[in-house]
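Residue strings, one per chain:
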Amino acid sequence: MIATLLLPGFARGQSVEAMLDESFHAMYNLQFDDALNKAEKAKLADKNDPMAWVTQASAILFREFDRLHILRSETFASDDAFDGRPAYKWKPDIRKQFDDALSGGEKLAQERLNRNKQDASALFALALINGLRADDAALITKRNLAALSYTKSATGYADKLLALAPDYYDAYVATGMGKYIIGGKAAPVRWILRIGGLKGDQEQGLKELKLASERGKYLAPFARIMLAFDDLRHKNMAEARKKFESLRDQFPRNPLFSQEIAKCNGASLSGGE
């Protein structure tokens, strides 16, 4: 108790939830040192909360996305662009930090789930942990089969969570991304994946991402980014611009959103919407 009170955040009565909120906000603003510091404080404040570890892993992954210039519209502009994306390599020490954060959160979440199969916080953490692993496999190391396997796991945990607690709107990122990605595969591939328990439906996936973008807590901005990229794929420049403008206003220290707005404006001038 004394150690907790000595933490700067708790000296002001700041909750762990507030620390996690601030960590995610700093992450989307590309203020990665601040994001990681907030996550570390949350880990110290509640050593049984897996979400502090998940938040740390999210900031590490997002930092790699920024370093490698992955979250750009060019990557998601078309099926050919996405299929032709390169495979990247992590810096080994950063990779270890990411894996350690995921393992730490997974251990705590599984322990909680062993005590209570309906622990919503544990299910939420496990959905996000597998989602982060899927993002790494799909967007950094380009291990497509591993990405699909992690997506299936993330969706499974998210479905269980939403059956218990429908107000965990962030979980719709996991279910929505799974349906969206698999729904975009060719029909024979979708059939094979369906046999393996992976169902695709792009329209439903977009609905779930929209719900997460409007009512989610930590992942609403990420859902909006994905929705904006889908707008660009379908040449809906005005809708994409609107989403990027709201992201720019919410996270003014992230220059990527202004850059994407400029691309939308350029496409409109050259004959797009």
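Whatever comes next refers back to the structure up there.
Keep in mind the model is a prediction, meaning the values are calculated, not measured.

*Asks:* Before we go on, may I ask you to explain the side chain of Asp-170 in this structure?
*Replies:* Its location among the elements puts Asp-170 in the loop between helix H10 (144-164) and helix H11 (171-183). Comment: no salt bridge for buried Asp-170; closest opposite-charge side chain is Lys-217, at 7.6 Å. Within the structure, the side chain of Asp-170 is placed 3.0 Å from the backbone nitrogen of Lys-217, a separation counted as a polar contact.

*Asks:* Please explain the environment of Arg-241 as it appears in this structure.
*Replies:* Among the structural elements, Arg-241 can be located in helix H15 (residues 237-250). Using a relative accessible area of 17% as the deciding quantity, one classes Arg-241 as buried. For the pair Arg-241 and Ser-258, spaced 17 residues apart in the sequence, the C-alpha separation amounts to 9.5 Å.

*Asks:* Help me out: how do you make sense of the packing of aromatic side chains in this one?
*Replies:* Think of a pair of aromatic rings as described by two things: how far the centres are apart, and how the planes are tilted against each other in angle. Taken as a whole and judged by the stated rule, the model has 10 aromatic pairs. Arranged with centres 5.6 Å apart and planes meeting at 85 degrees, the rings of Tyr-28 and Phe-62 form a pair that is edge-to-face. In this pair, Tyr-28 sits in helix H3 (residues 16-28) while Phe-62 sits in helix H5 (residues 50-67), placing the two residues 34 residues apart along the sequence. By the burial criterion, Tyr-28 is buried, and Phe-62 matches it. Between Phe-229 and Phe-244 the ring centres are 6.0 Å apart and the planes differ by 55 degrees, which places this aromatic pair in the tilted class. Separated by 15 residues along the polypeptide, Phe-229 in helix H14 (residues 220-233) and Phe-244 in helix H15 bring together distant segments of the chain. When its relative accessible area of 3% is taken as the criterion, Phe-229 is described as buried. Classification of Phe-244 by relative accessible area gives buried; the value is 1%.

The rules behind these values
- Residues numbered from 1 in each chain as written.
- Predicted model: local features only at pLDDT ≥ 70, side-chain atom pairs only at ≥ 80, totals over all residues.
- Heavy atoms only, no water.
- Helix = DSSP H or I, 4+ residues; strand = E, 2+ residues; numbered from the N terminus.
- Buried < 20%, exposed > 50% of the residue type's maximum accessible area, 1.4 Å probe, protein only.
- Lys, Arg positive; Asp, Glu negative; His and termini not counted.
- Salt bridge = Lys/Arg side-chain N within 4 Å of Asp/Glu carboxyl O.
- Polar contact = N/O pair within 3.5 Å; in protein donor to acceptor, adjacent residues only side chain to side chain.
- Phe/Tyr/Trp six-rings, centres within 6.5 Å; stacked < 30°, edge-to-face > 60°.

No statement about biological role is implied by the geometric values presented.
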